[in-house]
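What follows is the residue order along each chain.
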Amino acid sequence: MIDYGLDLHGEMLLEEYCDKQPLFEELQRVVMEKLGALVRQSGIEVNSMESRIKAEGSLAGKLRLKGHKYASLLDITDIFGARIITFYNEDVDRIASMAEVLFEIDWDNSVDKRRMHQFDSFGYNSLHYICRLPEEQYYDPEKPELNKIRFELQMRTALQHVWSAIQHDIGYKSEIETPLEYHRNLSRLAGMLELADNEFSRIRNAIADYRRRAQSLVQSGQLEEVPLDLDTFRSYLDKRPFDRLNRKIAAITQAELHEAPWWPYLKVLRIIGMNTLGDVERLMRDNFDDAYQLALFQLGSTDIDILAETVGLQNLCIVHLLKTGGGRLSLDTINSKMPQNETLAEMVIEQASRLEFMNVKR
Amino acid sequence: MIFEINEQDGGYVATVSGRLDTPAAVKAQQEIAPLLENADKQITLDCKDLEYISSSGLRLFLTIRKEASSKGGKVIIEHINDEIKKVFMMTGFFNLFDIR
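Since the model is a prediction, treat every value here as computed from it, not as a measurement. (Residues numbered from 1 in each chain as written. Chains lettered and ligands numbered in written order. Predicted model: local features only at pLDDT ≥ 70, side-chain atom pairs only at ≥ 80, totals over all residues.)

Novice: Could you clarify how one ought to interpret the overall build of chain A in this entry?
Specialist: The helix and strand inventory of chain A stands at 13 helices and eight strands. Counting all 362 residues of chain A, 28% fall into the buried class. Intrachain contacts of chain A at a sequence separation of at least 6 include 76% that bridge at least 24 residues. (Helix = DSSP H or I, 4+ residues; strand = E, 2+ residues; numbered from the N terminus. Buried ≥ 20, exposed ≤ 12 C-beta atoms within 10 Å, placed from the backbone. Contact = placed C-beta atoms within 7 Å.)

See below:
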C-alpha cells in the first residue's frame, strides 16, 4: 500500500475502502442501471449520465485533511458518485423527484446549491442528493452492506456543468485563494449561464405551447390560421388529407400505395407559395380533379400497380405550377435541380397540354 | 442475369440490364441478396442497359432502398433511360431515390 502519510485511523479507513472495492463496483452497476432505466422510461433527453468511484489517492487526500470527521467508511458519502446532466432546469427537478422515489434520500446531507445563493450572488448551481439503495429496489443476501452505503447523486443542467467544469479546471476554490477580480468574472458568467438556462426553458415551453395551439387548430379545422411548418404539416398529415385523391388515383390501376417521405413536399409547398394549411386545403380543392386527370392520363395506359403515397400531393403541386406558368421550372421545384428534369418537364408539359386545365383561358 | 454485382470503392455497383418484368423480378430476388446483406454501404444501380421496369421491378428497387435506409446505407440510380424516368416520376418514386 502506498504511504499517503495518514494517521492510523485514516490508514484503517483506506484499507477498508480497498477491501470493499468490489462492493462499490456492484453498487455503481446497480445504481446506474436503475437510473438509466428511469431516465429512459421518463422520456427525458439527458446530455449525459456519468459515474465514478473515488480514486484511492483522492480518498487519501480527503482523509489526510479531515479523516477525523469520519468514524467509519460509511460516513463518507461520495466514494461512489453519479451525475446526470440535463438540458433544461425543469428536467433537473423531474429527475430529482424520480430519484426520490427510487432511492432513500438522506435529506440532512443533501443540498440544493441552486437555492444557496444570495439574491445578488451567482455561482455553482447543482442539486446534490445523498442516497441509499433501498432493499425494495435491490437486495443481495450475500452483500447486505450494499444497502447501507451512501452515495452522491448530482443533477445539473449542461450549462451549470460547463461552468462547474471550467471553474474546476481553473483551480478556483474561493475568493481567499483567487483575486477578487477573477471571482467577480466567474460570478458574472454564472449569472449569464443562469439567464441562458432560464431562456432555453422559456423557449422550450413557448414552442410546446405553439405546437399544442396549432394542433388544436388543425383538429378543429381552423386551417387558415395555422402557418405551414414542419410541426403543423405533421399534424395536418395525421388527418390524412390526401387519402381521397390518392385512393382515386390508385384505383386507376388498382395500385397499392407505398409509404414515402412527405417532408420533401413541405419545402415544395413553401416554394409554391403555400404559407398556411388553409392555402394547402385550397390547393387541393382547386386542383383535385386536374391532379386526378393528370394521373389518369399518365397511368391509364399502364399496368403499374404500385404508387408512392405522395403521388396525389405531387400531382397537385405539378398542376398548380403548370396553371400558374411554372412550366419547366416545376420539376426543379419538385425533384430539386437535376439535369433530367428538362426531359421530365417536357414529358409532363406535353401530357398536360392535352388536358382541359391547360387549355382554359384564365 | 439481371443484376450483375461488383464490389467497388467500398460499396457495391449492380449493373441492371434487360427487361425487369414480373418473371425477371422474381428471378432477380435471389440475385439482390448480396446487396441486401451489404445495404449499410453505398449501392449504385447502374441502369444503362435496363430497357423496361414493371411494378415488380419497382418493388425490387424499393426493397433495396428500404434495407439501405434501415441499415444506414445509400442507393444511387444511374443512367436510367427516359421511359423509366417517366415511370419513376408518374408513380411518385422519383424523390425516393438519388437518381443521377
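Novice: Sorry, what's going on with the interface of chain B and chain A here?
Specialist: Many descriptions give the size of an interface as the accessible area lost when the pieces come together. Each side of the interface is counted separately: chain B has 17 residues, and chain A has 18 residues. Listed by contribution, the elements that provide at least two residues to the side of chain B that touches chain A are helix 3 (55-71) and helix 4 (82-91) of chain B. The element that contributes the greatest number of residues to the side of chain B that touches chain A is helix 4 of chain B, accounting for seven residues. Within the side of chain B that touches chain A, the residues separate by chemical class into nine nonpolar, four polar and four charged. (Nonpolar A, V, L, I, M, F, W, Y, C, P; charged D, E, K, R; others polar.)

Novice: Help me out: how do you make sense of unusual backbone geometry in this one?
Specialist: Across the chain, the bulk of peptide bonds are trans and the bulk of non-glycine residues have phi less than zero. Residues and elements named next belong to chain A. We note that R240 has phi near 50°; this positive angle belongs to a residue other than glycine. Residue placement: R240 occurs in the loop between helix 7 (230-238) and helix 8 (243-253). For Q254, which is not glycine, the phi torsion reads 50° and is therefore positive. Along the chain, Q254 falls in the loop between helix 8 and strand 7 (256-258). Taking the C-beta count within 10 Å as the criterion, Q254 has 8 such neighbours and is therefore assigned exposed.

Novice: I keep staring at the confidence of the model for chain B and nothing clicks. Help me out?
Specialist: Caution applies to low-pLDDT regions: their predicted coordinates should not be interpreted in detail. All names here are of chain B. Averaged over all residues, the pLDDT of chain B equals 91, while 100% of them reach at least 70. Within chain B, no element has a lower average pLDDT than strand 5 (residues 98-99), which sits at 85, and none a higher one than helix 3, at 94. Overall fold confidence for the complex sits at a pTM of 0.68, while the interface term, ipTM, reaches 0.91. (pLDDT = per-residue confidence, 0-100.)

Novice: So what exactly am I meant to see when it comes to helix 5 (residues 158-170) of chain A here?
Specialist: Because each turn of an α-helix spans 3.6 residues, side chains separated by three or four positions in sequence point in the same direction. Residue and element names in this part refer to chain A. End to end, helix 5 covers 18 Å across 13 residues, agreeing with the expected 18 Å (1.5 Å per residue, within 8%). By the burial criterion, the buried members of helix 5 are L159, Q160, H161 and W163. Buried residues in helix 5 make contact with strand 2 (80-86), strand 6 (151-157) and helix 6 (180-219). (Expected span 1.5 Å × (residues − 1).)

Novice: Looking at this model, I keep getting lost on the nonpolar core. Mind explaining?
Specialist: The nonpolar side chains of a soluble globular protein tend to be buried with one another. Grouped together as the largest cluster of nonpolar side chains are 71 residues, with contacts concentrated most on V16, I43, L45 and I64 of chain B. Membership of the second largest hydrophobic core comes to 28 residues, among which are A60, I79, L133 and L153 of chain A. (Core = buried A, V, L, I, M, F, W, Y, C linked by C-beta atoms within 7 Å.)

Novice: So what exactly am I meant to see when it comes to the packing of helix 6 of chain A against helix 7 of chain A here?
Specialist: Two measures define how a pair of helices packs: the angle their axes make with one another and the distance between the axes. Residue and element names in this part refer to chain A. One can describe the packing of helix 6 onto helix 7 by two numbers: an axis separation of 9 Å at closest approach and a directional angle of 35°. The way helix 6 lies across helix 7 gives a crossing that is right-handed. When helix 6 is examined against helix 7, the residues R211, A214, Q215 and V218 are found in contact with a partner set consisting of D231, T232, S235 and Y236. Residues of the contact of helix 6 with helix 7, tallied by class, amount to three nonpolar, three polar and two charged. (Axes fitted to C-alpha atoms, helices over the stretch in contact; angles between N-to-C directions. Left-handed = near helix turned anticlockwise from the far one by under 90°.)

Novice: What exactly am I supposed to notice about the packing of helix 1 (residues 22-31) of chain B against helix 3 of chain B here?
Specialist: All names here are of chain B. Where helix 1 contacts helix 3, the two axes come as close as 7 Å, and the packing angle between them is 25°. The angle between helix 1 and helix 3 places the two elements in the roughly parallel class. On the side of helix 1, the interface is formed by T22, A25 and A28, while helix 3 contributes S56, G57, R59 and L60. A per-class count over the contact of helix 1 with helix 3 returns three nonpolar, three polar and one charged. (Parallel < 35°, antiparallel > 145°, perpendicular 65-115°, else oblique.)

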